[in-house]
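Listed here are the chains, written in short residue letters.
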Amino acid sequence: MGRYYYQRYLKLKKAMQQIPFREHFVNDGDGDDDDDEESRAGAAALVFVCAPPSYHNKRSSSTTSRTKLLSLLLLSLLSCTFILTPHALSLFYSFGAEDEGLVAADVNAPLCSSISNGTICCDRSGIRTDVCIMKGDVRTNSASSSIFLYKNTNGFINYVSSMVEEKELQHEKIRPYTRKWETSVMDTIDELDLVVKKENETANHHCDVVHDVPAVFFSTGGYTGNVYHEFNDGILPLYITSQHLKKKVVFVILEYHNWWIMKYGDILSRLSDYPPIDFSGDKRTHCFPEAIVGLRIHDELTVDPSLMRGNKNAIDFRNVLDQAYWPRIRGLIQDEEREAREKLSLSPSSDPSFKNVKEVQGDQSKKPKLVILSRNGSRAITNENSLVKMAEDIGFQVQVVRPDRTSELAKIYRALNSSDVMVGVHGAAMTHFLFMKPGSVFIQVIPLGTDWAAETYYGEPARKLGLKYIGYTILPRESSLYDQYDKNDPVLRDPSSVNEKGWQYTKTIYLDGQNVRLNLRRFQKRLVRAYDYSINRISQNCHHQSQ
C-alpha cells in the first residue's frame with residue numbers, strides 16, 4: 001500500500017514542482033474558516049500549503065482553485081499514507097533520503113529483500129513467523145529489550161519529524177520465535193522493541209562493541225528442550241535465514257542457555273565465524289550495520305529450494321551437519337583405535353583373539369547396518385529384544401541407540417550416518433533421520449492415533465531429504481491400548497474421532513498412554529524389503545567404486 005501512495009505522490013510532485021511550499025495555513029479570504037478547519041483535521045497535524053509568490057496580492061479565482069485543489073490532494077495523500085499503512089512512515093523516510101537514492105523495486109522479490117539505510121522493514125505475512133530487517137546504524141539496548149536504528153534525517157524529512165516532535169520515527173515489536181500461530185507459547189517469548197531514532201540522539205547511546213557484519217536475533221525459548229523443536233523451530237530456520245551470509249554473521253540469542261550452546265556449538269560454528277552473544281546477559285551496546293530479527297521457516301524439518309538463494313535444499317543442510325560433526329567423529333575413531341592398540345600392544349599379530357576380532361569386523365562390514373532408536377517410557381517397543389534377534393537373523397548388523405537430552409549428537413550422527421536402515425517409533429527422536437545419508441531406509445513405526453503427525457512431521461520431510469521412507473501403521477492388537485479399552489471403543493476403532501476432541505486427548509491417550517508390541521511376522525516383511533534394497537544399494541556402490 002505504501003508503494004501505491006508513493007507513486008501517487010510522485011505524480012503530484014511532478015505537477016507541482018514549480019510551486020513552492022508555505023509552512024502555514026492561509027485563509028482564502030472568503031470569510032469562511034470551515035474549509036481551513038477541515039483541511040487541518042484531514043492533514044492530521046502534518047500541514048503545509050502550496051502557493052505562488054504573489055499568492056496574497058495577485059491571484060485569479062482559477063489559480064486559487066487549482067492551487068487549493070492540489071494542496072488538498074497532497075495533504076490527503078500524505079494523511080492516507082501515514083494512517084492507512086503501518087509501514088508508510090518508514091517507507092517515506094526511506095524514499096526521502098536523497099543522498100541514498102531510490103532502489104528500483106522488484107515486484108517478484110520477497111518483502112523486505114532490499115531496503116534503504118535507516119529503515120526497518122517487517123515481513124508479517126507468514127503464519128509461522130515474523131521477520132524484521134533493520135539496516136544502517138543498529139545498536140542494542142538489552143536493558144530496555146530494544147534495538148535502536150539511528151537515522152540521519154535531513155532536508156524535508158528532518159522538517160517533518162521536527163514539526164510532529166517525534167523522537168521515534170518508527171516503532172515495531174516482535175517476538176523472534178517460529179511458532180507465531182501458537183499464542184500460548186509465543187506469550188512466553190521475550191518481546192523486542194525495534195525503534196528508529198534521529199541520529200542526533202546517538203550521543204547518549206555510544207557503541208561498546210562495533211561489528212562489521214550483520215546480526216541475526218532469535219530466541220531459544222519456547223519448546224527448546226525437545227529435539228524436534230530444537231531443529232524444526234531453531235536450527236533449520238537459523239540455516240535458512242543465515243546461510244547466504246557465508247558465516248559473516250553474529251548470532252544474538254534471547255533466552256540464552258549454556259547447555260544449548262554446548263549441544264549445538266558444532267553446528268553454530270559452521271554457520272558463523274563469531275561467538276554468539278547473550279542478548280540479556282551482555283549489557284554492552286553492540287553496534288551492527290544490519291540486523292535480521294526473527295528466523296525464516298519453510299515447512300516441517302525441511303528447506304524449500306524455491307525460497308532459497310542458490311536453490312539450497314535439505315541435502316545442503318545435511319552437508320552442514322556432516323562438516324560440523326566429522327571432526328569430533330574422527331577424534332572418537334582415533335581414541336578407539338588407540339585403545340585397541342594398547343590392549344594388543346604385546347604381540348597383536350600372533351594373538352588369536354586379535355585375529356578373530358579382525359575377521360568378525362570384516363564380516364560385519366559386509367552386512368547392511370540397522371539402527372534401532374529405542375524409546376524409554378511411552379511408545380516403547382516392548383518386544384525389542386525379539387526385534388533385534390529377528391533383524392540379525394535376516395542378515396543385518398544391528399545397533400541399538402537410546403538417545404536422551406544429554407546424548408552427544410556427534411555420537412548419534414556417527415551411528416546413523418553409517419547406517420543403511422533406521423527403525424523407530426513415532427516421536428521427537430525421529431528428528432534424527434536428518435543424520436542419515438540420502439538413499440538410506442527410514443522405517444517409522446506409527447502407533448494408533450498418530451498417522452497424520454507421523455506423515456507430516458517425519459514421513460514427508462524424510463522423502464524430501466532423499467530417504468526411502470516406509471511407514472508401518474500398527475494394528476489395534478499391537479497397541480497396549482488393546483488391553484485397556486473395549487474392542488469396539490473409538491480409541492481403537494476410530495482414533496481420528498478421538499483426536500478431534502482436542503490435543504489433550506491425543507497426548508494423554510495416544511502419546512503418553514501407549515506402548516507397542518510388534519507383530520514380528522507382519523513387521524518382518526518390511527525388514528526383508530529394507531534388507532534387499534540395502535544389499536542392492538551396497539552392491540551398486542561397490543561396483544561404482546571399482547570402476
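Quick note: structure is the one above.
Residues numbered from 1 in each chain as written. Predicted model: local features only at pLDDT ≥ 70, side-chain atom pairs only at ≥ 80, totals over all residues. Heavy atoms only, no water.

## Section: the overall build of the chain
A tally of helices and strands in the chain yields 17 helices and 17 strands. Looking at the chain as a whole, 47% of its 547 residues qualify as buried. In the chain, once contacts between residues fewer than 6 apart in sequence are set aside, the share between residues at least 24 apart is 74%. Carbon and sulfur atoms make up 49% of the accessible area of the chain, which amounts to about 27,900 Å² in all. (Helix = DSSP H or I, 4+ residues; strand = E, 2+ residues; numbered from the N terminus. Buried < 20%, exposed > 50% of the residue type's maximum accessible area, 1.4 Å probe, protein only. Contact = heavy atoms within 4.5 Å. Areas by Shrake-Rupley, 256 points an atom, 1.4 Å probe, with all protein chains shown as cover.)

## Comments concerning unusual backbone geometry
Located in the positive-phi region is Ser-145, a residue other than glycine, with phi close to 55°. Structurally, the position occupied by Ser-145 is in the loop between β4 (131-141) and β5 (146-151). For Ser-145, a relative accessible area of 29% corresponds to the partly exposed category. A positive phi is found at Lys-246, a non-glycine position, where the angle reads about 55°. When you line up the elements, Lys-246 lands in the loop between α7 (227-242) and β10 (250-254).

## Some details on the pairing of strand β7 (residues 192-198)
Burial runs high along β7: seven of the seven residues are buried. The two faces of β7 match: Leu-192, Leu-194, Val-196 and Lys-198 on one face and Asp-193, Val-195 and Lys-197 on the other face are all buried. The pairing of β5 with β7 spans six bridges and is parallel. Bridged to Ile-147 within β7 is Leu-194. Two strands pair when backbone bridges link them, and strand β6 (residues 168-174) and β7 are joined in this way by six bridges, in the antiparallel orientation. Pairing of Glu-172 across the sheet is with Leu-194, part of β7. (Pairing = 2+ DSSP bridges.)

## Looking at the sheet that holds strand β14 (residues 397-401)
If you walk across this open sheet you meet the five strands as β14-β13-β15-β16-β17, and the pairing is parallel. Two strands in the sheet have a free side with no partner beyond their single neighbour: β14 and β17 (468-473). Across the sheet, the mean angle separating the axes of adjacent strands is 20° when strand polarity is ignored. Where strand β15 (residues 421-425) lies against strand β16 (residues 441-446), five bridges are found, and the strand directions are parallel. By the bridge assignment, Val-425 is partnered in β16 with Val-445. Its contacts with the sheet place helix α12 (residues 409-417) against β13 (369-373), β14 and β15, and it is angled at close to 140° to β13. Helix α13 (residues 451-464) rests against β16 and β17 of the sheet, and its axis sits at about 175° to β16. (Axes fitted to C-alpha atoms, helices over the stretch in contact; angles between N-to-C directions.)

## Thoughts on the packing of helix α8 (residues 258-271) against helix α9 (residues 314-343)
Their axes nearest at 8 Å, the elements α8 and α9 cross at an angle of 120°. Read as a crossing pair, α8 and α9 show a hand that is right-handed. Here Asp-266, Ile-267, Arg-270 and Leu-271 of α8 lie close against α9, whose contacting residues are Val-320, Leu-321, Gln-323, Ala-324 and Tyr-325. The class makeup of the residues in the contact of α8 with α9 is six nonpolar, one polar and two charged. (Left-handed = near helix turned anticlockwise from the far one by under 90°. Nonpolar A, V, L, I, M, F, W, Y, C, P; charged D, E, K, R; others polar.)

## So, the packing of aromatic side chains
Under the defined criterion, the tally for this structure stands at 19 aromatic pairs. Seen in terms of ring centroids, Tyr-228 and Tyr-457 are 5.5 Å apart; in terms of plane orientation they differ by 50°. Their pairing is tilted. Linking Tyr-228 in helix α7 with Tyr-457 in helix α13, this pair joins segments that are 229 residues apart in sequence. Every member of this aromatic cluster is reached through a ring pair, and the members are Phe-218, Phe-231, Phe-251, Trp-260, Tyr-264, Tyr-325, Tyr-413 and Phe-435. Between the NZ or CZ atom of Lys-468 and the centre of the ring of Tyr-533, over which it lies, the distance is 5.4 Å. (Phe/Tyr/Trp six-rings, centres within 6.5 Å; stacked < 30°, edge-to-face > 60°. Lys NZ or Arg CZ within 6 Å of the ring centre and 35° of its normal.)

## Some words on the state of the cysteines
All chains considered together, the criterion is met by three disulfides. A disulfide bridge connects Cys-122 with Cys-132, and the sulfur atoms are separated by 2.0 Å. The sign of the S-S torsion, about 110°, decides the handedness of the disulfide formed by Cys-122 and Cys-132: right-handed. Pair noted here: Cys-122 is in strand β3 (residues 119-123) and Cys-132 is in strand β4, with a separation of ten residues, a long-range link. As far as burial versus exposure is concerned, Cys-122 and Cys-132 are alike and both buried. Between the sulfur atoms of Cys-207 and its disulfide partner Cys-287 the distance amounts to 1.9 Å. Residues Cys-207 and Cys-287 are joined through a disulfide that is left-handed, its torsion about the S-S bond being -105°. Of the two residues, Cys-207 sits in the loop between β7 and β8 (209-210) while Cys-287 sits in strand β12 (residues 286-293), which places them 80 residues apart along the sequence. For Cys-207, a relative accessible area of 26% puts it in the partly exposed group. (Disulfide = S-S within 2.5 Å.)

## Regarding α9
For α9, with 30 residues, the first-to-last C-alpha span of 42 Å sits near the 44 Å given by 1.5 Å per residue. The sharpest bend along α9 measures roughly 40° and falls at Tyr-325, with the proline Pro-327 sitting one to four residues further on. Every buried residue of α9 is listed here: Ala-314, Phe-317, Arg-318, Val-320, Leu-321, Ala-324, Tyr-325, Ile-329, Gly-331 and Leu-332. Tucked into the core, α9 has its buried residues touching α7, α8, α12 and α13. You can read the cap of α9 off the contacts: a side-chain oxygen lies 3.0 Å from the backbone nitrogen of Ile-315, and it is on Asn-313. (Expected span 1.5 Å × (residues − 1). Bend = angle between axes of the 7 residues up to and from the residue. Polar contact = N/O pair within 3.5 Å; in protein donor to acceptor, adjacent residues only side chain to side chain.)

## Quick look at the pattern of salt bridges
Taken as a whole, this structure holds 26 salt bridges when the rule is applied. We note a salt bridge from Arg-128 to Asp-299, for which the minimum N-O separation is 3.4 Å. One end of the pair, Arg-128, is in the loop between β3 and β4; the other, Asp-299, is in the loop between β12 and α9, with 171 residues separating them in the sequence. For Asp-299, a relative accessible area of 29% translates into the label partly exposed. Via salt bridges that share partners, Arg-128, Asp-299, Glu-300, Glu-460 and Lys-464 belong to a single interconnected network. (Salt bridge = Lys/Arg side-chain N within 4 Å of Asp/Glu carboxyl O.)

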